[in-house]
Amino acid sequence: MTKPVRRIIHIDMDAFYASVEQRDAPELRGRPVAVGRSQERGVVAAASYEARKFGVRSAMPSVVAQRKCPELIFVPPRFEVYRAVSAQIHAVFARYTPLIQPLSLDEAYLDVTDPLLPRPSATAIAQEIRAAIHAETGLTASAGVSYNKFLAKLASDYRKPNGQFVIPPGAGEAFVADLPVSSFHGIGPATAARMNALGIYTGADLRTQTLDLLVRHFGKAATFYYGIARGEDPRPVEPHRPRKSIGKETTYERDLRRDDELYPALTTLAQSVWHACTKRHTSGRTVTLKLRYVNFQQLTRSHSFTDPIPSATALEETAHFLLHPLLPLSRPVRLLGITVSSLTSTEESPATEQLSLLSHL
């Protein structure tokens with residue numbers, strides 16, 4: 001029996017954080033807005049479309065954003081508000097399908113192959129969802145509709161903002177043929193550069209490569225790349241996709257230069273990460289330390305254990321252990337981060353306190 005063609009929608013809110021701020025403060029409408037802090041060490045969390053015209057982008061240092069757009073208005077983030085609005089949006093999704101895979105507060109995949117409400121097409125459902133979001137939140141969303149997740153994600157970018165695009169069955173391979181591989185979701189800048197070095201610039205170029213060649217150069221990801229070049233993506237929408245990591249990072253107002261500044265900063269981060277782990281009843285076997293120097297050079301160091309990290313103290317000790325070989329510092333540090341990954345539920349297999357993990361390092 002032939003499987004039915006899947007009907008996938010990707011919903012992406014338009015400049016979500018900035019749009020919420022413009023909605024709630026009418027004087028900001030039509031003006032270039034950046035959500036973030038304007039101080040020297042600030043970073044843009046989101047930018048309105050008016051700001052994007054000047055080249056302002058998320059994750060850009062605030063000083064660079066201000067230079068690109070002198071009229072830029074900074075507003076501090078209000079994540080509790082964004083989470084509340086996101087809950088409203090997800091409640092709209094849930095009227096149509098239980099198969100919802102959130103990617104962030106402002107975007108999600110929906111599988112509407114068997115919708116809860118009888119509608120003639122996924123296109124009609126996407127239109128209804130976008131209209132409901134606008135009516136109930138005052139915000140606009142863009143949608144991509146297709147027969148797999150990869151194509152639906154591509155399609156949602158095609159008519160932004162406040163637009164909708166459909167890639168019908170059978171049209172995927174032709175659609176991706178002329179697109180640069182750097183625009184493919186799942187191919188980051190570093191991978192795109194490696195592909196370019198091999199003469200792979202477009203979807204059509206990628207399609208001419210053998211699976212063996214892609215495996216040699218890209219390992220496990222090769223099968224995914226081979227498929228998307230042909231408009232294929234078998235990944236299901238995963239409503240309860242397990243979280244892969246828990247982490248926190250901080251950019252400091254003042255550069256950290258000495259050991260007696262770095263170690264307390266790591267202790268604070270470790271306590272914050274452990275608090276997030278305990279709230280979710282989880283821990284992990286891998287700890288990663290992230291360090292960014294004042295010149296933006298970035299280093300990561302990781303260590304994995306046989307058993308999950310049992311306590312905040314153990315997490316702190318591991319972070320200190322990872323930092324130690326990097327001392328003395330070659331230059332000041334502007335950012336530190338700690339991430340715990342290879343997660344497992346502590347409810348299913350409670351961790352027991354160990355005297356010290358350093359003996360296992």
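From a predicted model like this one, the values you see are computed outputs, not experimental measurements.

Asker: What is the right way to look at the packing of aromatic side chains in this model?
Answerer: Here the distance between the centres and the angle between the planes together describe a pair of aromatic rings. Scanning the model with the defined rule gives twelve aromatic pairs in all. For the ring pair Phe79 and Tyr82, a centre distance of 5.7 Å and an interplane angle of 90° mean the geometry is edge-to-face. Remark: Tyr82 and Phe79 occur in helix H4 (residues 79–93); sequence separation between them is three residues, near one turn of the helix. Here Phe79 falls in the partly exposed class, since its relative accessible area comes to 34%.

Asker: I would appreciate a short explanation of the sheet that holds strand S2 (residues 33–36) in the present structure.
Answerer: Neighbouring strands of a sheet are bound in pairs by backbone hydrogen bonds; such pairs are parallel or else antiparallel. One open sheet accounts for three strands, arranged S3-S2-S4; its pairing is mixed. Single-partner strands in this sheet number two, and they are strand S3 (44–47) and strand S4 (73–75). Across the sheet, the mean angle separating the axes of adjacent strands is 30° when strand polarity is ignored. Bridging between S2 and S3 involves three bridges; their strand directions are antiparallel. Within the sheet, the bridge partner assigned to Gly36 lies in S3 and is Val44. Packed on one face of the sheet, helix H1 (residues 16–24) meets S2, S3 and S4 and runs near 110° to S2.

Asker: Hey, could you run me through the side chain of Arg230 in this one?
Answerer: Positionally, Arg230 belongs in the loop between helix H11 (222–228) and strand S9 (245–256). Buried and without a salt bridge, Arg230 has Glu232 as its closest oppositely charged side chain, separated by 5.8 Å. Leave out the neighbours within four places in its chain, and Arg230 touches Glu173, Arg207 and Gln209.

Asker: I keep staring at the confidence of the model for the chain and nothing clicks. Help me out?
Answerer: Do not read the predicted coordinates in detail wherever pLDDT is low. Averaged over all residues, the pLDDT of the chain equals 91, while 95% of them reach at least 70. Contacts for the low-pLDDT stretch residues 348–361, under 50 throughout, to residues beyond four places or in other chains number 23 contacts.

Asker: Any chance you could explain the pattern of salt bridges here in plain terms?
Answerer: Opposite charge on two side chains permits them to pair, given that their charged atoms come into close proximity. The full count for this structure, using the stated rule, is 15 salt bridges. Between Glu136 and Arg95 there is a salt bridge, and its shortest N-O distance comes to 2.8 Å. Placement of Glu136 in helix H5 (residues 122–137) and of Arg95 in the loop between H4 and strand S5 (100–104) is noted, with a sequence separation of 41 residues between them. With a relative accessible area of 38%, Glu136 lands in the partly exposed category. Under the relative-accessibility criterion, Arg95 is labelled partly exposed at 37%. With a closest N to O distance of 3.0 Å, Asp260 and Arg258 form a salt bridge. Within the structure, one salt-bridge network assembled from shared partners comprises Glu21, Arg23, Asp24 and Arg78.

Asker: Any chance you could explain the packing of H4 against H5 here in plain terms?
Answerer: In the contact formed by H4 and H5, the axes pass within 10 Å of each other and the chain directions differ by 145°. At the point where H4 passes H5, the crossing takes the right-handed sense. Where H4 abuts H5, its residues Val85, Gln88, Ile89, Val92 and Phe93 lie against Ile129, Ala132, Ile133, Glu136 and Thr137. Grouping the amino acids of the contact of H4 with H5 by side-chain chemistry returns seven nonpolar, two polar and one charged.

Asker: It is not clear to me how the environment of Glu316 should be interpreted in this structure. Could you clarify?
Answerer: With respect to the element layout, Glu316 can be found in helix H13 (residues 312–323). For the pair formed by Glu316 and Ser86, sequence separation is 230 residues and the distance between their alpha carbons is 33 Å. Ignoring anything within four residues of it in the chain, the contact list for Glu316 reads Thr267 and Ala270.

Asker: What is the right way to read the sheet that holds strand S1 (residues 8–13) from this model?
Answerer: Taking strand neighbours across the sheet as the criterion, the five strands line up as S5-S6-S1-S7-S8 in an open arrangement whose pairing is mixed. The sheet is open, and its two borders are formed by S5 and strand S8 (164–166), each paired with just one other strand. On average, each strand axis in the sheet is inclined to that of its neighbour by 15°, with strand direction left out of account. By the bridge criterion, six bridges tie S1 to strand S7 (residues 141–146) in an arrangement that is antiparallel. By the bridge assignment, Met13 is partnered in S7 with Ala141. Against the sheet, helix H6 (residues 149–156) engages S1, S5, strand S6 (107–111), S7 and S8, with an angle of about 145° to S7.

About the thresholds
- Just so you know, the residues in each chain are numbered from 1, in the order the chain's sequence is written.
- In keeping with the predicted nature of the model, local features appear solely for residues at pLDDT of at least 70, side-chain atom pairs appear and are counted solely at 80 or more, and the whole-chain, interface and lining totals rest on all residues.
- Side-chain metrics rest on all non-hydrogen atoms present in the structure, leaving aside hydrogens and water.
- Put simply, two rings from Phe, Tyr or Trp (the six-membered ring, in Trp's case) pair if the centres are within 6.5 Å, and we call them stacked under 30 degrees between planes, edge-to-face over 60, tilted for the rest.
- The secondary structure listing takes helices from DSSP runs of H or I that are at least 4 residues long and strands from runs of E that are at least 2 residues long, numbered from the N terminus.
- Remark: exposure states derive from per-residue accessible area (1.4 Å probe, protein chains only) relative to the maximum for the residue type, with buried under 20%, exposed over 50%, and partly exposed in between.
- Pairing between strands is defined by DSSP: at least two bridges between them are needed.
- Working convention: axes come from line fits to C-alpha atoms, limited for helices to the stretch in contact. Angles between N-to-C directions cover 0 to 180 degrees.
- Here, residues are in contact when the closest pair of their heavy atoms is within 4.5 Å.
- Residues scored as positive are Lys and Arg, those scored as negative are Asp and Glu, and His as well as the terminal groups of each chain are ignored.
- By definition here, a salt bridge exists when the distance from a side-chain nitrogen of Lys or Arg to a carboxyl oxygen of Asp or Glu is within 4 Å.
- pLDDT gives the predictor's per-residue confidence on a scale running from 0 to 100.
- A clockwise turn of the near helix away from the far one marks a right-handed crossing, whereas an anticlockwise turn of less than a right angle marks a left-handed crossing.
- Under the grouping applied here, Gly and all other residues not named as nonpolar or charged are polar, the nonpolar ones being Ala, Val, Leu, Ile, Met, Phe, Trp, Tyr, Cys and Pro and the charged ones Asp, Glu, Lys and Arg.

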